[in-house]
Amino acid sequence: MRLPVRILACLTCVFLVSGCHKHSDTPATGARPVGELSNDLPSYLKLAAIHNDRVTQLEKFRANRVIVGMWYKDADGQAQQDHVEGSLRFKRPNDVYLYLQKAGAVDVAILGSNTDKYWWLNLLEDKQALVGEHVRFTPDRVGRFAMPVHPLDLLDLLAITQVPSYPARTHVVHRDASRNAVVMTVPSKFGFRDILFSPGDYQPIGVAIYDMMGHEIARSVLGEPVSVDIAMVLEKDQPRVASSAEITFAGSDARAKLTIYSPTTRSWDRRQDRAFDVDYLIEKYSIRDVVNLDETPVEAIRVPLPSEFGSGL
């Protein structure tokens, strides 16, 4: 089965294609509400402190095995499913590396970012690197062609990014009885996001990202949290991250589920940080077609079509 580039992009972050800003009336739901929703809501200050304390403990982690399942409709409207495997690394605040391969041998893609840049590396036969700078990123530009948008949205959908510490007009806490969740609304890069918390333990159970007009872009449903293994730290004191994130996209039938296995900080050395160096990765994978997203006209940016992928995918 051939692996469409559109679905490959869906595996990692918010995917902008024509019509993706179609409003969705279906709420994001959490996978594991704990406790009953009461009329007594935590203050914004309290919930923000709980959440920020949790995520700041996640200074970094890596998972040498991740599986991304995907469900989508092909050009004939037939339901399809597939999966890729790979590894994930994260280092606060902006270092992201998601490597994907097929059948344990075929390099497929790398999504990544560091302090200054973000990138999408196509590692299939016609290798290509799409590279841009954070400060010059705009969703309207990237949304005009089929490629992933900002890798940091993946962190938002995993609920491992900090929120503002103090309440404001755009920072509020409210209840949602239909989802049995306490909801915190905070700004995002180009709009706002709702983080859903389970009542009782205030663990994040889902995230929804919206544009400035309030149209849903993407949402995640988070699985049970798992401990991040840290040397010389008792398990009860170890930070936790969601074991999975099922991600759906407004205006699209596609959905993807990222499952994270055995996250750890052990054996992390300077070699691990090479994963966040796009120049190193471009050289390592012998990519000669490097596209500067900030300077190349949109119409000149070419993304491989599904028909160009090998039949083994």
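Residues numbered from 1 in each chain as written. Predicted model: local features only at pLDDT ≥ 70, side-chain atom pairs only at ≥ 80, totals over all residues. Heavy atoms only, no water.

Comments concerning helix α2 (residues 44-56)
For α2, spanning 13 residues, the distance from its first C-alpha to its last is 18 Å, which sits close to the expected 18 Å at 1.5 Å a residue. Those residues of α2 that fall on the buried side of the exposure criterion are Y44, L47, A48, H51, N52, R54 and V55. Looking straight down α2, one finds its buried side chains confined to an arc of 160°; they lie on one side. Looking at the packing, one finds that the buried side of α2 touches β7 (172-176), β8 (181-188), β9 (191-197) and β10 (204-211). (Helix = DSSP H or I, 4+ residues; strand = E, 2+ residues; numbered from the N terminus. Expected span 1.5 Å × (residues − 1). Buried < 20%, exposed > 50% of the residue type's maximum accessible area, 1.4 Å probe, protein only. Arc of directions from axis to C-beta. Contact = heavy atoms within 4.5 Å.)

Some remarks on the environment of Q162
Structurally, Q162 can be placed in the loop between α4 (152-157) and β7. For Q162, a relative accessible area of 41% puts it in the partly exposed group. Not counting the four nearest positions on each side in its chain, Q162 is found in contact with N52, V55, T56 and R193.

Digging into the pairing of β10
Among the eight residues that make up β10, eight are buried, leaving the element largely enclosed by the rest of the structure. Looking at chain direction, β9 and β10 are connected through seven bridges and run antiparallel. Directly across from L196, in β10, lies its bridge partner G206. Where β9 folds back onto β10 in an antiparallel hairpin, the turn is made up of six residues, including G200, whose phi is positive at roughly 105°. Taking the residues that link successive antiparallel strands as the turn, the β10-strand β11 (residues 216-222) hairpin has four residues, and the phi of G214 there is positive, at about 85°. (Pairing = 2+ DSSP bridges.)

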